[in-house]
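# Coordinate inspection notes
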Amino acid sequence: ASALARVRWDDAARRRARSRGLLADGELALSTNERAGARRCFLSALALGAAPGDRLLALLGLASAATGVNFVSRAMSLRQRLRA
């Protein structure tokens, strides 16, 4: 078996990692006001449909790209405050 199989790297883990990478790329695009690029990233992350939290961030990212208001960073700040 491969090293990835030994650490249980399966298709679900691969989708989750790709989704989170797209979310990060979308956030970066938002931070540079590249709304069209952000929209593409968030749509792709939503299509992967990994975890419910990732889908929620993708939806917030799509709303951010459409309106120019960064709901993703606001949601992340709120999450940080709630965890503290």
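Residues numbered from 1 in each chain as written. Predicted model: local features only at pLDDT ≥ 70, side-chain atom pairs only at ≥ 80, totals over all residues. Heavy atoms only, no water.

Glancing now at the environment of Gly-61. Relative to the elements of secondary structure, Gly-61 occurs in helix α4 (residues 52-67). Once the C-alpha coordinates of Gly-61 and Ala-84 are considered, the two residues, 23 residues apart in sequence, prove to be 24 Å apart. Those residues in contact with Gly-61 that lie beyond four places of it in its chain are Phe-42 and Val-72. (Helix = DSSP H or I, 4+ residues; strand = E, 2+ residues; numbered from the N terminus. Contact = heavy atoms within 4.5 Å.)

Phi is positive for Asn-33, which is not a glycine, with a value near 60°. Relative to the elements of secondary structure, Asn-33 occurs in the loop between α2 (11-31) and α3 (35-48).

The next subject is the nonpolar core. Counting residues in hydrophobic clusters, the biggest one holds 13 residues, and the most contacted among them are Leu-23, Leu-30, Ala-38, Phe-42, Ala-45 and Val-72. Listed by contribution, the elements that provide at least two residues to this core are α2, α3 and α4. Each residue touching Val-72, except ones within four places of it in the same chain, is listed here: Glu-27, Leu-30, Phe-42, Leu-57, Leu-60, Gly-61 and Ser-64. (Core = buried A, V, L, I, M, F, W, Y, C linked by side-chain atoms within 4.5 Å. Buried < 20%, exposed > 50% of the residue type's maximum accessible area, 1.4 Å probe, protein only.)

Here the focus is the environment of Phe-42. Here Phe-42 shows up in helix α3. Distance in space between the C-alpha atoms of Phe-42 and Glu-27 is 8.8 Å, their sequence separation being 15 residues. In contact with Phe-42, not counting residues within four places along its chain, are Leu-23, Gly-26, Glu-27, Leu-30, Leu-57, Ala-58, Gly-61, Leu-62 and Val-72.

It is worth spelling out the pattern of salt bridges at this point. Applying the stated criterion to the full structure yields three salt bridges. Across the pair Asp-11 and Arg-15 runs a salt bridge, and its minimum N-O distance is 2.7 Å. A residue pair is termed a helical-turn pair when its members lie 3 or 4 positions apart in one helix, as Asp-11 and Arg-15 do in helix α2 at four residues. Judged by relative accessible area, which is 31%, Arg-15 ranks as partly exposed. Linked through salt bridges whose partners overlap, the residues forming this network are Asp-11, Arg-14 and Arg-15. (Salt bridge = Lys/Arg side-chain N within 4 Å of Asp/Glu carboxyl O.)

Attention now moves to α4. For α4, spanning 16 residues, the distance from its first C-alpha to its last is 23 Å, which sits close to the expected 22 Å at 1.5 Å a residue. Those residues of α4 that sit buried are Asp-54, Leu-57, Ala-58, Gly-61, Leu-62, Ser-64 and Ala-65. For α4, the buried positions fall inside an angular range of 160° around the axis, keeping them on one side. Residues of α4 that are exposed and angled more than 90 degrees away from the buried face: Pro-52 and Ala-66. Looking at the buried side of α4, the elements it contacts are α2, α3 and α5 (71-83). After α4 finishes, the residue Gly-68 shows a positive phi value of roughly 85°. (Expected span 1.5 Å × (residues − 1). Arc of directions from axis to C-beta.)

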